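Coordinate analysis (summary)
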Amino acid sequence: MDLLLLEKILLSLFFSILLAIFISKLRGKRFKLPPGPLPVPVFGNWLQVGDDLNHRNLTDLAKKFGDIFLLRMGQRNLVVVSSPELAKEVLHTQGVEFGSRTRNVVFDIFTGKGQDMVFTVYGEHWRKMRRIMTVPFFTNKVVQQYRYGWEDEIGKVVEDVKRNPEASTSGIVLRKRLQLMMYNNMYRIMFDRRFESEDDPLFVQLKMLNGERSRLAQSFEYNYGDFIPILRPLLRGYLKICKEVKDTRLKLFKDYFLEERKKLASTKRSDNNALKCAIDHILDAQQKGEINEDNVLYIVENINVAAIETTLWSIEWGIAELVNHPEIQRKLRDELDTVLGPGNPITEPDTHKLPYLQAVIKETLRLRMAIPLLVPHMNLNDAKLGGYDIPAESKILVNAWWLANNPAHWKNPEEFRPERFLEEESKVEANGNDFRYLPFGVGRRSCPGIILALPILGITLGRLVQNFELLPPPGQSKLDTSEKGGQFSLHILKHSTIVAKPRVF
Ligand code: HEM
């Protein structure tokens, strides 16, 4: 260790201790902070609670400290909210105060310090980005324009699976083919492009880079350097890898997609009737000077992460639950056969006529929430919440998974039972009309992609159940549904092998 580094560490240590003393003074005097474990200087509560702040560990802490509690993670304040009333306060009543986002050292790299939309603070830039993205991505017109593409993509999945002899015998990792489908669903909207096969080199590279981006950002591995600035020099190697992945990824978006589209647009200038894809609208906004090229690239980055993975994880969870609950799978198939007629492929308009399918989707999103803590919120200024003072720039996590899985509010929440959404919870929708159930959040920073995600989930799960009997692989009675949580994500730990036996009509 060189002397300069040692000096830096000692100086930071000194300032961190000063800060800890300052915080403890705040706690004791002017500020009435939410309850929580007693922090120690420099480390705060980090040594007590550890790195893995997943929804289940935060639920255990809520049982101990209450519906609002504060963790001092080194220099960061983390406030966790676990009741529908407080969720309403954060997301709705005080939606402006708590409408910003925190980032950390890694998200700073991947979002160019908030030049994107998902991770930027609440303000002019966010408003502009959300407005610019709405017409090309988040309207019913987009659904009506692209639903044929999505129906075509799941049709191709069904054909490929039927052609694969392994699918009906030893089983296949169905997720791999569905991943290609999800990329195609979104790349058709974004760039009017699709990838022909899982071996397409561009798809392989894209998948690898997006996977790395996700793994690096969601890992708990770098917490220590984010929480405790004196340890940050030790993160140098990690952050260097993040930067390389980010640069390569944005360059790939630029060279292979943006530039291609620009070229195509310049040769087709006269053909005004050609349907615009999303990126054409975004490039128009750039040409008008509303956003710059970096913003365009970060929009592509956001869609790659926010849209593709979340929807794919939810599809994967839905399939796993249907395999592990054959009686529910059968009931869903009966509904599809009865309402649509056996062998008539489900389309987007049909999804509205299938209440049991809707209930299966809602139940999947309840029990297996892809973003169980929502995307972290933040208050830019000092604020009040639940009678407590919340220091400016606190990270606010809404434990949406616990809101939807708390036995105080739900009947046997640990059970996968779609019927609940047709019986005692029949009025609850995924759009946030009930603060116990927020798989897409609610309010200003809620997920605008819900309008695309729900029909894609319906068409995909519907077609699979119509065409196949989905089973665990030979010798296994159930699929392993262990979870893998991240900074705020939740997906299945092991991508399951699934037997897909074609139905004969
Ligand atoms: C099943 C699939 C999906 C789930 C479960 C999901 C869930 C979420 C959640 C929980 C949030 C954060 C809400 C908050 O912080 O209050 C969010 C934000 C967001 N989602 Fe989704 N999402 C899904 C699909 C999509 C799709 C398909 C798109 C785009 C096409 C999308 C785009 C976004 C964007 C842009 C934001 C950030 C909004 C903002 O900060 O203003 N999501 N999503």
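Residues numbered from 1 in each chain as written. Predicted model: local features only at pLDDT ≥ 70, side-chain atom pairs only at ≥ 80, totals over all residues. Heavy atoms only, no water.

Using the following cut-off: UniProt positions are given in the numbering used here, feature names are shortened, and annotations may be inferred rather than shown by experiment.
Under an unreviewed UniProt entry, the protein has the name Trans-cinnamate 4-monooxygenase and belongs to Ziziphus jujuba. Annotation of the protein in UniProt includes, under Catalytic activity (unreviewed entry), the sentence "(E)-cinnamate + reduced [NADPH--hemoprotein reductase] + O2 = (E)-4-coumarate + oxidized [NADPH--hemoprotein reductase] + H2O + H(+)". UniProt, in its Cofactor (unreviewed entry) section for the protein, records the words "heme".

1. Things to note about the coordination of the iron atom of the ligand
Basically, it comes down to this: Donor atoms: N, O and S within 2.8 Å of the metal, or within 3.2 Å for Na, K and Ca. Because water is excluded, sites can look incomplete. Each helix is a run of DSSP H or I of at least 4 residues and each strand a run of E of at least 2, with the numbering of both proceeding from the N terminus.
For the iron atom of the ligand, the protein contributes exactly one donor atom, C447 (SG), at 2.2 Å. In this fold, C447 is placed in the loop between α17 (400-403) and α18 (450-467).

2. Some remarks on the packing of aromatic side chains
Put simply, the rule is: Pairing of aromatic side chains here covers Phe, Tyr and the six-membered ring of Trp, requires ring centres within 6.5 Å, and sorts the geometry by plane angle: under 30 degrees stacked, over 60 edge-to-face, intermediate tilted. Remark: exposure states derive from per-residue accessible area (1.4 Å probe, protein chains only) relative to the maximum for the residue type, with buried under 20%, exposed over 50%, and partly exposed in between. Think of it as a cone above the ring: NZ of Lys or CZ of Arg counts as a charge over the ring if it is within 6 Å of the ring centre and within 35 degrees of the ring normal.
Inspection of the entire model under this criterion finds 20 aromatic pairs. Measuring from centroid to centroid gives 6.2 Å for F43 and W46, while their planes differ by 25°, and the two rings are stacked. For the pair F107 and F119, a centre-to-centre distance of 4.7 Å together with 45° between the ring planes defines the contact as tilted. Of this pair, F107 sits in helix α5 (residues 105-110) while F119 sits in the loop between α5 and α6 (124-137); the two residues are 12 residues apart in sequence, bridging distant segments of the chain. Across the pair, F119 and F107 agree in class, each one buried. An aromatic cluster is built from Y183, Y187, F191, F195, F203 and F257, whose rings are joined through pairwise contacts. One residue, R127, lies across the ring of Y122, its end atom 5.5 Å from the ring centre. Positioned over the ring face of W410 is R366, at 5.6 Å from the centre of the ring.

3. A short note on the site of the ligand
Defined as follows: Residues are counted as near a molecule or strand when any one of their heavy atoms sits within 4 Å of it. We define a polar contact as two N or O atoms separated by no more than 3.5 Å, with the added condition that, inside protein, one atom must be a possible hydrogen donor and the other a possible acceptor, whereas residues neighbouring each other in sequence contribute only through side-chain atom pairs. When residues are grouped by polarity, Ala, Val, Leu, Ile, Met, Phe, Trp, Tyr, Cys and Pro land in nonpolar, Asp, Glu, Lys and Arg in charged, and all others, Gly among them, in polar.
Taken together, 25 residues are adjacent to the ligand, and R101, W126, R130, H377 and C447 come closest. Take W126: an N or O atom from its side chain is 2.8 Å from an oxygen atom of the ligand. Of all the secondary structure elements, the ones that give two or more residues to the shell around the ligand are α6, α13 (293-324) and α18. When its residues are assigned to classes, the shell around the ligand shows 16 nonpolar, six polar and three charged.

4. Some points on unusual backbone geometry
A positive phi angle, near 65°, is found at V42, a position not held by glycine. With respect to the element layout, V42 can be found in the loop between α1 (3-28) and α2 (46-49). Within the chain, D192 stands out as a residue other than glycine whose phi angle is a positive 55°. With respect to the element layout, D192 can be found in the loop between α8 (174-191) and α9 (201-218).

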